[in-house]
Amino acid sequence: MKNYTITVNGNVYDVTVEENGAGAAPAAPRRAAAPAAAPAAPAAPAPAAGGAGNVKIEAGAAGKVFSIDSKAGDAVKRGDTILVLEVMKMETPVVAPEDGTVASIDVTVGQAVEAGALLATLNN
């Protein structure tokens with residue numbers, strides 16, 4: 001399980017997300033007692049359980065993970081699609097920046113991501 005604190009329009013929500021595969025329903029958000037005076041800095045994403053690679057692949061824009069086309073251990077060439085993000089109702093492929101092996105996929109299908117969020121890592 002992962003715990004997140006999310007601020008939306010000045011309202012602070014504590015959210016717990018269970019990570020037990022596709023089809024699992026997310027936990028219902030709990031509203032915090034009082035809105036925070038200032039939004040807290042976002043927490044850095046935790047490294048993947050399988051170990052992160054030395055080439056990081058990050059989201060270029062905020063969106064939702066539409067599909068994951070590669071898995072850890074897959075050999076990829078520069079330009080191969082690793083996953084697809086849905087950004088502003090458009091499917092946007094996220095591609096390997098160089099040849100390598102997928103070390104980790106750090107997101108799940110349906111997950112919302114912010115610009116700059118770690119999506120995957122490669123070993124070159």
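Residues numbered from 1 in each chain as written. Predicted model: local features only at pLDDT ≥ 70, side-chain atom pairs only at ≥ 80, totals over all residues. Heavy atoms only, no water.

(A) Spatial organisation of the sheet that holds strand 5 (residues 63-68). Taken together, the 4 strands give an open sheet; going across it, the order is 8-7-5-10, and neighbouring strands pair in antiparallel fashion. Each edge of the open sheet carries a strand with a single partner, namely strand 8 (90-95) and strand 10 (112-113). Relative to strand 7 (residues 81-87), strand 5 runs antiparallel, the two being bridged by 4 bridges. Its bridge partner being in strand 7, Val 65 is matched across the sheet by Leu 85. (Pairing = 2+ DSSP bridges. Helix = DSSP H or I, 4+ residues; strand = E, 2+ residues; numbered from the N terminus.)

(B) The arrangement of the pattern of salt bridges in detail. By the definition in use, this model includes 1 salt bridge. A salt bridge links Lys 71 to Asp 74; the shortest N-O distance between them is 3.2 Å. The exposure class of Lys 71 is exposed, given its relative accessible area of 53%. (Salt bridge = Lys/Arg side-chain N within 4 Å of Asp/Glu carboxyl O. Buried < 20%, exposed > 50% of the residue type's maximum accessible area, 1.4 Å probe, protein only.)

(C) Molecular detail of the pairing of strand 8. Examined bridge by bridge, strand 7 and strand 8 share 6 bridges and lie antiparallel to one another. Of the residues in strand 8, the one forming a bridge with Val 84 is Pro 93. Connecting strand 7 to the next strand, strand 8, in antiparallel fashion are 2 residues, including Met 88 with a positive phi near 50°.

(D) Spotlight on the nonpolar core. In this structure, Ile 82, Leu 83, Leu 85, Val 113, Leu 119 and Leu 122 are the most contacted members of the largest nonpolar core, which totals 17 residues. Mapped onto this core, the elements with two or more residues apiece are strand 4 (55-58), strand 7 and strand 11 (118-123). Ranked by residues supplied to this core, first place goes to strand 7 with 4 residues. Setting aside chain neighbours within four positions, we find Leu 85 in contact with Ala 59, Ala 61, Lys 64, Val 65, Phe 66, Met 90, Glu 91, Thr 92, Val 94, Val 113 and Leu 119. (Core = buried A, V, L, I, M, F, W, Y, C linked by side-chain atoms within 4.5 Å. Contact = heavy atoms within 4.5 Å.)

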